[in-house]
Amino acid sequence: MNTLYLAFAYLRYHWARSLVLVIAAALILFVPVATQILLSTSQTALIARGEATPLLLGSRGSQLDLTMAALYFSNERPDPIAMREVDTIWDSNLAVPIPLHTAFSSGGFRIVGTSLDYFDFRDLTFSDGRGLSLLGDAVIGAAVADALGKGVGDTLVSSPENLFDLDGVYPLEMPIVGVLEATNTPDDQAIFVDIKTAWVIQGIGHGHEDVVTAADIAAGSEALANASVVQFQRITPENIESFHFHGSQGDFPATAVIVVPADTRSATILKGRYLDSENPSQLIEPASVIQGLVDRIFRIKSLLDVVTAIVAVAALAAVGLAVFLSYRLRAKEIATAVKLGARRGMVLRLLAAETVTLLFISGCIAAIGAALVARNADTWVGWLLSLGA
Amino acid sequence: MISVENVSFAYGTGDFRLNVPRLSMQSGERLAIVGPSGSGKTTLLNLVAGILSPDSGRIVVAGKDVTALTDTERRQFRASHIGFVFQDFALLDYLPALQNILYPYRVTPALKLDQAVRERVEVLAEACGIRDKLDRHPNELSQGEQQRVAICRALVTQPKLILSDEATGNLDPESKGRILDLLFEQASEAGATLLAVTHDHELLPRFERVIDFADYREVADA
């Protein structure tokens, strides 16, 4: 008891020195543990997303870019794939295709044009509102709702692709009809719209006031469409009928198509159909692409582990030296204690109590920090992964 | 109280050797040791306290042959029978004056810290004029006050023998006299024997006996 009393008195009186030692030791313990937790959570999250997506169809090119764009809604822009590929998959009866269009954004968050199947496929549920039902509706992820402070009843405006594109497409104002429950996946960071809404944003489809009125028809006068015809920037029940698309839907673009095969046999047949390297489309397994990425990351991590170990040893040596020098500085105190009748063991216990107390406090701080990281790892990893988006 | 017979001691290094053929002190006596630096004054104190063991000879303190005791027994004996006052006070900067006085009870299992001890500290601190400064750390005290704290620490265990090693060496002339008076007074009240090493010849007349280590002779007319 006396030993602890003296140890605490010493540490309290020399609080600045104690604080530095505690922080240094806590960091030495905390950093490798926290890094390990975040990395393993990242690995789990990355692989889980990949494994939850059986097949991915897209233009032939970088498999990683295609995977990152379709699974993590990143900035990568793989060449678009034509929607007729979706029809081809449907017609094969081998799988369910879920198109994704990730070319646009709003308020810094990716607008993901897709079909209703996506919500079932990802098992997304609503914390508020409803799903997509009308052209122009938007459903936002939990993180988007938090970050933008928006909810059901608010609106979002798509960001222009290029500020200098003066004759480009007008931004589309979209009512938010639903907010998703948080999933700690990139879906939290996305704004979901029907893929047709994405095409409207792209300018493939649009709505405008009637060029020809009933009176014009009765009078037999000719119709003239020019820039003075008002284009609608928000889809409403009143003007939704005027929205239409030019061209064949089979030519419309999608970033990628998630392919959910009926069974293993169907998957194998489908993969066989896209083996031809001359085929402009490719069917990939995102899990293997992600695994390749993770393997690469963890090869780098091994190097980082070595660096961390070297830094930890150096830091521990510095802390050890500080403690040793502290003992040297206290040689007089030790001599006094001996002269007053203290046993050698008592002096050693006193110094050990101080060291153990410092390490215990450091360990507690590091453990609390590690517990906090472990508790929030899914959220933080979701946020970290979305940074690339 | 103290009986030193044919004691011889040498450190492992160097050619210094202390030889004390005979030295004795009566209980309650005040004896000063003077002599040049390196003549063995502090070494004798350490031998009497059992901190060092002589190469030969016998030292008896309060009826106990300290040379025959084991290391643990010597520490216990020192804690319960001897009070130390040092030139540099040897106070711990991280403890307030009260805890510095109680320090022997913190580091020595043989001593039990109870209410009686705490009351004794109050009495000692009052007598030494530092009762209102017990919550202060050493760096908040003057040198004279620090030495008063050190004296309280030496006396709190009610030792039979007080060993003073240049206790007034760091003090100004005015404080020296007051501190020595205080040491004598408290030693008398406790009935303790006082063996003091000093360089200060002005203080020698206050001692009953003085031994000059320069030629190991007793200065009768101190």
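Just above, that's the structure.
First things first, this report covers the structure right here in the doc. As the structure is a computational prediction, the values presented were derived from the model and not from experiment.

For chain A, the helix and strand inventory stands at twelve helices and 14 strands. Counting all 389 residues of chain A, 42% fall into the buried class. The contacts in chain A between residues at least 6 apart in sequence include a share of 76% that link residues at least 24 apart. With the model as given, the accessible surface of chain A reaches about 20000 Å², and the carbon-plus-sulfur share is 61%.

On to the overall build of chain B, then. Broken down by element type, chain B carries seven helices and ten strands. Relative to the compact-globule value of 17 Å for 222 residues, chain B shows a C-alpha radius of gyration of 17 Å, a close match. Dimensions of chain B along its principal axes, counting C-alpha atoms only, are 45 × 40 × 35 Å. Taking all 222 residues of chain B together, the buried fraction comes to 56%. In chain B, the share of contacts with a sequence separation of at least 24, taken over all contacts with a separation of at least 6, comes to 70%. For chain B, the accessible area works out to roughly 9400 Å², and carbon and sulfur atoms hold 45% of it. Where the 24 positive side-chain charges of chain B centre and where its 31 negative ones centre are 5 Å apart.

Further remarks concern the sheet that holds strand β4 (residues 56–61) of chain B. All names here are of chain B. Within the open sheet, the four strands sit side by side as β2-β1-β4-β5. Their pairing is antiparallel. Looking at the sheet topology across the chains shown, the edges are occupied by β2 (17–25) and β5 (64–65). As judged from the five bridges shared by strand β1 (residues 2–10) and β4, these two strands associate in the antiparallel manner. When the sheet's bridge partners are listed, I2 is paired in β4 with V61.

Let us now look at the interface of chain A and chain B. With 21 residues of chain A in contact, the opposing surface of chain B contributes 26 residues. Across the chain A to chain B interface the summed buried area is about 2300 Å²; carbon plus sulfur atoms make up 59%. When the area that chain A buries against chain B is broken down by residue, the three leading residues are Y13, K339 and L340 of chain A, summing to 31%. The tally of links from chain A across to chain B stands at one salt bridge. With a shortest N-O distance of 3.4 Å, D88 of chain B and K332 of chain A are connected by a salt bridge. Run the count over chain A and chain B and you get nine residue pairs in polar contact (both at pLDDT 80 or more).

Rules and cut-offs
Residues numbered from 1 in each chain as written. Chains lettered and ligands numbered in written order. Predicted model: local features only at pLDDT ≥ 70, side-chain atom pairs only at ≥ 80, totals over all residues. Heavy atoms only, no water. Helix = DSSP H or I, 4+ residues; strand = E, 2+ residues; numbered from the N terminus. Buried < 20%, exposed > 50% of the residue type's maximum accessible area, 1.4 Å probe, protein only. Contact = heavy atoms within 4.5 Å. Areas by Shrake-Rupley, 256 points an atom, 1.4 Å probe, with all protein chains shown as cover. Rg over C-alpha atoms; globule rule 2.2 N^0.38 Å. Lys, Arg positive; Asp, Glu negative; His and termini not counted. Charge placed at Lys NZ, Arg CZ, Asp CG, Glu CD. Pairing = 2+ DSSP bridges. Buried area = accessible area lost by both parts, 1.4 Å probe. Salt bridge = Lys/Arg side-chain N within 4 Å of Asp/Glu carboxyl O. Polar contact = N/O pair within 3.5 Å; in protein donor to acceptor, adjacent residues only side chain to side chain.

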